[in-house]
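Summary of the model geometry
Listed below are the residues making up each chain.
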Amino acid sequence: MRLLRIVPDETKFDFMRFRRISFPISAMLSVLAVFLYFYHGLNFGIDFVGGTLIEVQAKSGHADLATMRTTLGGLGLGDVQLQQFGGEADVLIRVAQQPGGEQAQQAAVEKVRQALGDAVEYRRIEVVGPRVSGELLSMGTVGLFVAIGAILIYLWFRFEWQFALGAMVANIHDIVLTIGFMSVTQIDFDLTSIAALLTILGYSLNDTVVIYDRIREMLRRYKKLPMTDLLNVSINSTLSRSIITHVTVSLSLLALLLFGGRAIHSFTATMMFGVVLVGTYTSVFIASPILIYLGVGIGRAEAADTVEARAEART
Amino acid sequence: MLYFTRWKALGIVATALIVCLLAVPNFFPTETVKNWPVWAQRHLVLGLDLQGGSHILLEVDTNDVRKQRLDAVLDDVRRTLRDAKVGYSGLVKRNDGVEVRIRENFDFGQALSKLRDLSQPLGGVLAGGGQRTLEVTGDSGSRLVRLTVTEPARIERVRQVVEQAIPIIEKRINALGLVEPTIQRQGIDRILVQVPGLGDPQRLLDLLKNTAKLEFRLVDVSMTAQDAVASRPPADSEVLYENHGGQKTPVLVQKQVLVSGDELTDAQAGFDQRTSEPIVSFKFNSAGARKFAQVTQENVGRPFAIILDSGGEGGPEVISAPVIREPILGGSGQISGNFTVETANNLAILLRSGALPAKLTPVEQRVVGAGLGQDSIDKGKLASYAGGALVVLFMFATYGLFGLFANLAVAINVAMIFGILSLLNATLTLPGIAGIVLTVGIAVDSNVLIYERIREEVRHGRSAIAAIDAGFSRALATILDSNITTFIAAAVLFFIGTGPVRGFAVTLGIGIITTLFTAFTLTRLIVATWVRWVRPKTVPI
């Protein structure tokens, strides 16, 4: 049987040359993402801003959005958004945070239920009060930073500090671009988005670590090889793995995206962008080339003996 | 790398098998599993997003707790000064404390020391630390004594309220006939209630947030209620409202409580024998019955009011204000007050389970209908099968026989995840299913790392067996490093996340552990066995 070879065996692609293009592009995109975050904003879900979310299914099999919009608009609940959600009969209703504390949120649900009556089935009701939403947001943000910090400390112990720093730059780059993506698409930003961001972080690092592992191995083995060549060889020899792994992960994600339903749609869409597009790109074009600028291997040829001694001491 | 002693091989296979077997109870109906030995009953629990149900986070209203505490301090001060025969003026609540002005200079010292005695050491004798319930300060010049409720005392009180509320909530939910509710404290002042599969979430919420303080008081007949509304009610009376099908009529009632709901032993919904209206009948305990008998004896011919404080915004409400026709000596009676069958039932449940010690406010509520839950399960299953099939095909196309090995390892991996989740009685949520699907990706990656390394070693001219051996030993270090980083992310998610996110973190974390296990032992064992049988000259990848 002829086996599939996505990447030819002796690939010698000059990835390092691309750093002159990839770095400016990444910098530009990052700035753009930050700009988007501040001027276009994220579509914060009720988890983080509070409010009410009601998913209904019309019993008749077809929801009349226009009528529902007028009915609910006349309730005096402020901003009420309606959105077709999945099938024809399914409608997602979002009611903005009501002024007047926790009780007022409950009253809003009651009003909507009375207005829509028995014509619909209530599939999901979520009410998040102002205090809880604030806590969830701060906890999510803290979690993200704690995760980055913990992973960095681990990398610092396992590798040299330059690697940890390189991984951190790559990390932040991933997170920033993904947030930019969420801003452009206006995907719901809720608790599961934090989960998605953390998973993207994990995957991207996973990738970066695989290449770093190889770079470290090469550094020990080939002491005279110029740094650029060494990085190129490392990336090329792990390229096949990177691509095969990403194909399999994308296949899993694709299945979730197509069949997983609306409830996890924003989660998988974000993952698809973060893991497949950004994560792979970052480990190859950012995390590895940046090691040159961080001074990995500087003075290696001259100090070959010491490196050798250290490598021996380690094994 | 490719040599296993017989015992080691046996140990690996046995471990994998046992962990996989732990998942077995999930494939049998709950009824069947119940007859199995207890140790074999552990199984996955479906999250509320999958089976439908209510998740309600209640918060103790700290303002209400403070108000109650200050009222109690005010009463204590009044009683203490009266018992000591000390004249005072201007006894008021101010901010977090109570202030009182002692009338005469010569009383001040005695009054201050008596009031100081009101402050108790916090948490009994054992707690130590010198913290007290009240901070008492006096100014001899203005003869003003100030009693402030200390912060630790306030927190302690909130903690007690939560503790008292939990069994009451439990009783109310059980009375609704709901199975397997989870009720737990969260933080200092919150209670998380999770109830799977509920028909009417609104009714549950109504029952949970109702403080249900029942009081029997006399109606003040010294003036009409209308006059009291127009002018001012007498000092020890207040105007409350009775709700007649949306129409509110004022009732002037005395502030003094004759008998309260604490003294009820039972309450049942039923029908009035004459009018066949829904009613709630109740029974007092002996102390309550005695009080009730005495009060009704002394006040025959006068109306009394049955008052319920639901903790809503309208304050206490008069349910009914009947006239006492004859003394009620048996300690039981009935309330009729424009009930429907459901409201009568609700009131009976509330009275039976007792009053909440303070107001509870729902701060977060998530309800998923059973229909949506089933949809999510179906979609999750479909996505898992589709994702699995795609990955299996791709691996086979890429690595042939070794791809099949990998698929076998991944299948065992997934079975082990279910086994461990069952052992932990873990909750499976929709994001949890996503976590499993992603684990498949990670598990496949570990195989890809190994195989790619073997391919490389082959290219470098090693013999088949040497290449396989080197491939494993080099790749495993990388697998460990890369998985630990993902594991850290999962661990952080677990600790900061709630509900669904936590479900995702659990499956992802367990998935990483089983992936490491299979990569380091099982995959190696499979390949090693194959090498021993076939003695290959070339590696077929």
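Basis of the calculations
- Residues numbered from 1 in each chain as written.
- Chains lettered and ligands numbered in written order.
- Predicted model: local features only at pLDDT ≥ 70, side-chain atom pairs only at ≥ 80, totals over all residues.
- Helix = DSSP H or I, 4+ residues; strand = E, 2+ residues; numbered from the N terminus.
- Rg over C-alpha atoms; globule rule 2.2 N^0.38 Å.
- Buried ≥ 20, exposed ≤ 12 C-beta atoms within 10 Å, placed from the backbone.
- Contact = placed C-beta atoms within 7 Å.
- pLDDT = per-residue confidence, 0-100.
- Nonpolar A, V, L, I, M, F, W, Y, C, P; charged D, E, K, R; others polar.
- Pairing = 2+ DSSP bridges.
- Axes fitted to C-alpha atoms, helices over the stretch in contact; angles between N-to-C directions.
- Core = buried A, V, L, I, M, F, W, Y, C linked by C-beta atoms within 7 Å.

Scanning chain A from N- to C-terminus turns up 11 helices and six strands. Taken against the 2.2 N^0.38 rule, which gives 20 Å for 315 residues, the C-alpha radius of gyration of chain A at 25 Å runs more than 25% over that of a compact globule. Counting only C-alpha atoms, chain A reaches 80 × 50 × 35 Å along its principal axes. When the 315 residues of chain A are sorted by exposure, 45% land in the buried category. Of the contacts made within chain A by residues no fewer than 6 positions apart, 79% connect residues no fewer than 24 positions apart.

Residues and elements named next belong to chain B. Overall, the predicted model of chain B reaches an average pLDDT of 86, with 97% of residues at or above 70. The secondary-structure element of chain B with the lowest mean pLDDT is helix H6 (residues 124-127), recorded at 52, while helix H13 (residues 401-423) shows the highest, at 92. For this predicted complex, the interface score ipTM comes out at 0.84, alongside a pTM of 0.79.

One frequent convention defines the size of an interface as the accessible area lost when the parts assemble. Contacts between the two partners involve 60 residues from chain B and, on the opposite side, 60 residues from chain A. Of all elements in the fold, only strand S18 (360-368), helix H12 (370-399), helix H14 (430-459), helix H15 (464-496) and helix H16 (499-534) of chain B reach the threshold of two or more residues within the side of chain B that touches chain A. If you tally residues by element for the side of chain B that touches chain A, the top one is H12 of chain B, at 16 residues. Looking at the side of chain B that touches chain A residue by residue, the class counts come to 35 nonpolar, 15 polar and 10 charged.

In a beta sheet, neighbouring strands pair by backbone hydrogen bonds and run either parallel or antiparallel. Residue and element names in this part refer to chain B. Read across the open sheet, the four strands follow the order S3-S4-S6-S5; overall the sheet is antiparallel. Single-partner strands in this sheet number two, and they are strand S3 (88-94) and strand S5 (134-139). Neighbour-to-neighbour, the strand axes of this sheet turn through a mean angle of 15°, independent of strand direction. Both S5 and strand S6 (residues 144-149) contribute to a ladder of six bridges, which runs antiparallel. Counterpart to Val136 in the pairing with S6 is Leu147. On the sheet, helix H4 (residues 62-83) packs against S3, strand S4 (97-102), S5 and S6 and is oriented at approximately 165° with respect to S3. Strand contacts of helix H5 (residues 108-116): S4, S5 and S6, with the helix running at about 10° to S6, the strand carrying the most contacts.

All names here are of chain B. Spatially, S11-S10-S16-S15-S9-S12 is the arrangement adopted by the six strands of the open sheet, whose pairing is mixed. A strand with exactly one partner marks an edge of an open sheet, and here the two such strands are strand S11 (247-254) and strand S12 (259-260). Two strands pair when backbone bridges link them, and strand S9 (residues 213-218) and strand S15 (residues 304-309) are joined in this way by six bridges, in the antiparallel orientation. Note that in S15 the partner of Leu214 across the bridge is Leu308.

Once that is clear, we can look at the nonpolar core. Of all hydrophobic cores here, the largest spans 206 residues; its most connected members are Leu351 and Leu493 of chain B. Beyond its immediate stretch of four places on either side in the chain, Leu351 of chain B contacts Ala212, Leu214, Gly261, Leu264, Ala267, Val280 and Phe282 of chain B.

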